[in-house]
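Letter by letter, the chains look like this.
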Amino acid sequence: MTVVGLDDTDSRETGMCTTYAAAELADRIRDSGGRVERLLLVRLNPAVEHKTRGNAALAVHTDLDADRARSLARDVLGLAQTDDPKTNPGAVVADCAPDDVPPRVADFAVEAIRQIQDRTTATLLADTAGFARLQRGNGRGLVGALAAVGAWAALDDWTYEHIAYREPDRWGTERDVDAESVRAAADRHYSAVWDTVDRASGYPVCVPRTPCPILYGIRGDDPDACRAVADAIDSEPIDRAATFVTNQGTDVHLQDGTVGAVAEDSAYRVDGTVAAAPETREGGHVFVPIADGETRLQCAAFEPTKRFRDRVRALREGDEITVCGEVTDGTLKLEKFVVRELVRTEPATPTCPDCGATMSSAGRNQGYRCRDCSTSADGKVDRPIERDLEPGWYEVPPVARRHIAKPLVRGGFDGATHPER
């Protein structure tokens, strides 16, 4: 077996996409008489500054010998958009089965998903393992390529994405996809297939807005259901299609952290107590701090998360929650949160049991007294308050979700329901 990892063939400005390069490599392998066991789409750390939108690296698992696979990979790297100085493609060719990569390479895959990695480390590790390297530009793509080689041995939660590609002469033009057919197909196969549309607005999330070759991508837990949704979509002609095994929708990027111990450019799952009322700032962004003792961590729901911000605004000081998201510039960008315990009462001035009037202060540390009835109370009382939240999980809408973030519909979340389901 041979594993070929690819990364950084795409460009923000001119399009292209590394999934397309991997699909092209797979076709060339088949044309050469080889068999493709699987195509692997690995989402890496979403906090990487130089990424394009999804920070994807790809791997092709094949029975073709490593020398022939390396030659084909070199040809495919020629598809990279290297006119863009930010595009620095790399490939790693491993002469081993996907399950048999060295443990250090598997560890590197997890590290590249959760932290920032550098090409020097990737280069040395690939050379130590005896893997062939190919690169153009500064070779930054070697980081993702090596991570993609190690991912199959490192991870155990996988989903699927079926991607349809446009005819090349249509790249960069407006896509012709019938939104109603997308919504109908998505409804028929929900929840085995998810994040095809934003179910509240009906927006077809599966159709990108960039100049890349992708026409649409259908994600889910069942590859046959993903393909069935794709088959039911009315659209412009499709040039080719491929089904990828992927770590999308798995939350593998999240690490357990604490309020006082989170690192920049990494993503965490953190327990805390809401430390102050949420604040809506310029641009519609909502900020709320959580605390553990005297230590605080600022959390934010940015404007693109839309209605999710209302759930954040409904939090109150004292609520016990767990937040999930990426930390940048000292702020955790919320992907989802779970309410563990809600504040249900607030201190209130007592009312007179005889006349119902609000009591007045009787003086410092002297409690309260009704001026008319002379009744008294020792101090404030707990008054029930109505809440717009219930215990459970709340998530950003699909239109704002990170590729790697796990949607609640997949289940498996600890101890709490999804109140909005």
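Structure first, text after, so check above.
Residues numbered from 1 in each chain as written. Predicted model: local features only at pLDDT ≥ 70, side-chain atom pairs only at ≥ 80, totals over all residues. Heavy atoms only, no water.

A look at the packing of aromatic side chains
One pair of aromatic rings is described through two measures. These are the centre distance and the angle between the planes.
And then number 1: Applying the stated criterion to the full structure yields seven aromatic pairs.
And then number 2: Centroid distance F308 to F337: 5.7 Å. Interplanar angle 55 degrees. Geometry classified as tilted. Taken together, the positions of F308 in helix α8 (residues 308-313) and F337 in strand β16 (residues 331-341) put the pair 29 residues apart, joining distant regions of the chain.
And then number 3: When its relative accessible area of 1% is taken as the criterion, F337 is described as buried.
And then number 4: Connected via pairs of aromatic rings, a cluster forms that spans Y20, Y165 and W171.
And then number 5: Of note, R38 hangs over the ring of W152, and the distance from its end group to the ring centre comes to 3.9 Å.
And then number 6: Just above the ring of F287 sits the side chain of R281; from NZ or CZ to the centre is 4.0 Å. (Phe/Tyr/Trp six-rings, centres within 6.5 Å; stacked < 30°, edge-to-face > 60°. Helix = DSSP H or I, 4+ residues; strand = E, 2+ residues; numbered from the N terminus. Buried < 20%, exposed > 50% of the residue type's maximum accessible area, 1.4 Å probe, protein only. Lys NZ or Arg CZ within 6 Å of the ring centre and 35° of its normal.)

Observations regarding the pattern of salt bridges
Oppositely charged side chains can form a pair if their charged atoms are brought close together.
And then number 1: Throughout the structure, instances matching the rule amount to 35 salt bridges.
And then number 2: We note a salt bridge from R313 to D310, for which the minimum N-O separation is 2.8 Å. Here R313 pairs with D310, and both are found in helix α8, just three residues apart, close to one helical turn.
And then number 3: Overall, D310 belongs to the partly exposed group, its relative accessible area being 39%.
And then number 4: Measuring nitrogen to oxygen at the nearest pair gives 3.5 Å for the salt bridge that ties E390 to R344. Of this pair, E390 sits in the loop between β21 (381-384) and β22 (392-395) while R344 is found in the loop between β16 and β17 (345-348), placing the two residues 46 residues apart along the sequence. (Salt bridge = Lys/Arg side-chain N within 4 Å of Asp/Glu carboxyl O.)

Thoughts on the packing of helix α3 (residues 103-114) against helix α5 (residues 141-154)
Describing two packed helices takes the angle between their axes plus the distance from one axis to the other.
And then number 1: One can describe the packing of α3 onto α5 by two numbers: an axis separation of 7 Å at closest approach and a directional angle of 110 degrees. Classified by the angle between their axes, α3 and α5 sit roughly perpendicular to one another. When you trace α3 past α5, the crossing you get is left-handed. Counted together, V105, A106, F108, A109, V110 and A112 of α3 and V143, L146, A147, V149, G150, A151, A153 and A154 of α5 form the full contact between these two elements.
And then number 2: Here the residues of the contact of α3 with α5 are counted per class, giving 13 nonpolar, one polar and no charged. (Axes fitted to C-alpha atoms, helices over the stretch in contact; angles between N-to-C directions. Parallel < 35°, antiparallel > 145°, perpendicular 65-115°, else oblique. Left-handed = near helix turned anticlockwise from the far one by under 90°. Contact = heavy atoms within 4.5 Å. Nonpolar A, V, L, I, M, F, W, Y, C, P; charged D, E, K, R; others polar.)

Considerations on unusual backbone geometry
And then number 1: Cis geometry is adopted by the peptide bond preceding S191, which originates at Y190 and carries an omega value of 15 degrees.
And then number 2: Structurally, S191 can be placed in the loop between α6 (179-189) and β7 (193-194).
And then number 3: Here D195, not a glycine, exhibits a phi torsion of approximately 60 degrees, which is positive.
And then number 4: Summarising the element assignment, D195 is placed in the loop between β7 and β8 (214-220).
And then number 5: The phi angle at K306 is positive, at roughly 50 degrees, despite the residue not being glycine.
And then number 6: Looking at the secondary structure, you find K306 in the loop between β14 (295-301) and α8.

Side note on the side chain of D251
And then number 1: Note on placement: D251 falls in the loop between β9 (238-246) and β10 (254-257).
And then number 2: Overall, D251 belongs to the buried group, its relative accessible area being 8%.
And then number 3: When near neighbours in sequence (up to four residues on either side) are disregarded, D251 contacts R269, K336, I404, A405, K406 and F413.

Concerning the packing of α3 against helix α4 (residues 119-129)
And then number 1: Where α3 contacts α4, the two axes come as close as 10 Å, and the packing angle between them is 155 degrees. The angle between α3 and α4 falls in the class roughly antiparallel. As for how α3 packs across α4, the hand of that crossing is left-handed. For the pair α3 and α4, the contacting residues are R104, V105 and F108 in the first and T121, A122, L125 and A129 in the second.
And then number 2: Looking at the contact of α3 with α4 residue by residue, the class counts come to five nonpolar, one polar and one charged.

Quick notes on the sheet that holds strand β20 (residues 376-377)
And then number 1: Pairing in this open sheet of three strands is antiparallel, and the strands run β18-β19-β20 from one edge to the other. The open sheet has two edge strands with one neighbour each: β18 (360-361) and β20. (Pairing = 2+ DSSP bridges.)

Remarks on α5
And then number 1: For α5, built from 14 residues, the straight-helix expectation of 20 Å at 1.5 Å per residue is met to within 8% by its first-to-last C-alpha distance of 20 Å.
And then number 2: By the largest-angle criterion, A148 marks the main kink of α5, which is about 30 degrees.
And then number 3: Taking burial as the measure, the 14 residues of α5 include 12 buried ones, the bulk of the element.
And then number 4: Considered for burial, the residues of α5 that qualify are G141, L142, V143, G144, A145, L146, A147, A148, V149, G150, A151 and W152. (Expected span 1.5 Å × (residues − 1). Bend = angle between axes of the 7 residues up to and from the residue.)

Concerning the sheet that holds strand β6 (residues 159-166)
Adjacent strands of a sheet pair through backbone hydrogen bonds, lying either parallel or antiparallel.
And then number 1: Strand order in the open sheet formed by nine strands is β5-β4-β1-β3-β2-β9-β6-β8-β7, and the pairing between neighbours is mixed. The open sheet has two edge strands, β5 (132-135) and β7, and neither has a second partner.
And then number 2: Across five bridges, strand β1 (residues 2-7) lies against strand β4 (residues 90-94) in antiparallel orientation. When the bridges of β4 are listed, G5 appears paired with V92.
And then number 3: Each of β6, β7, β8 and β9 is contacted by helix α7 (residues 223-231), which is oriented at about 145 degrees to β8, the strand it contacts most.

By themselves, these observations are geometric and do not establish any function.
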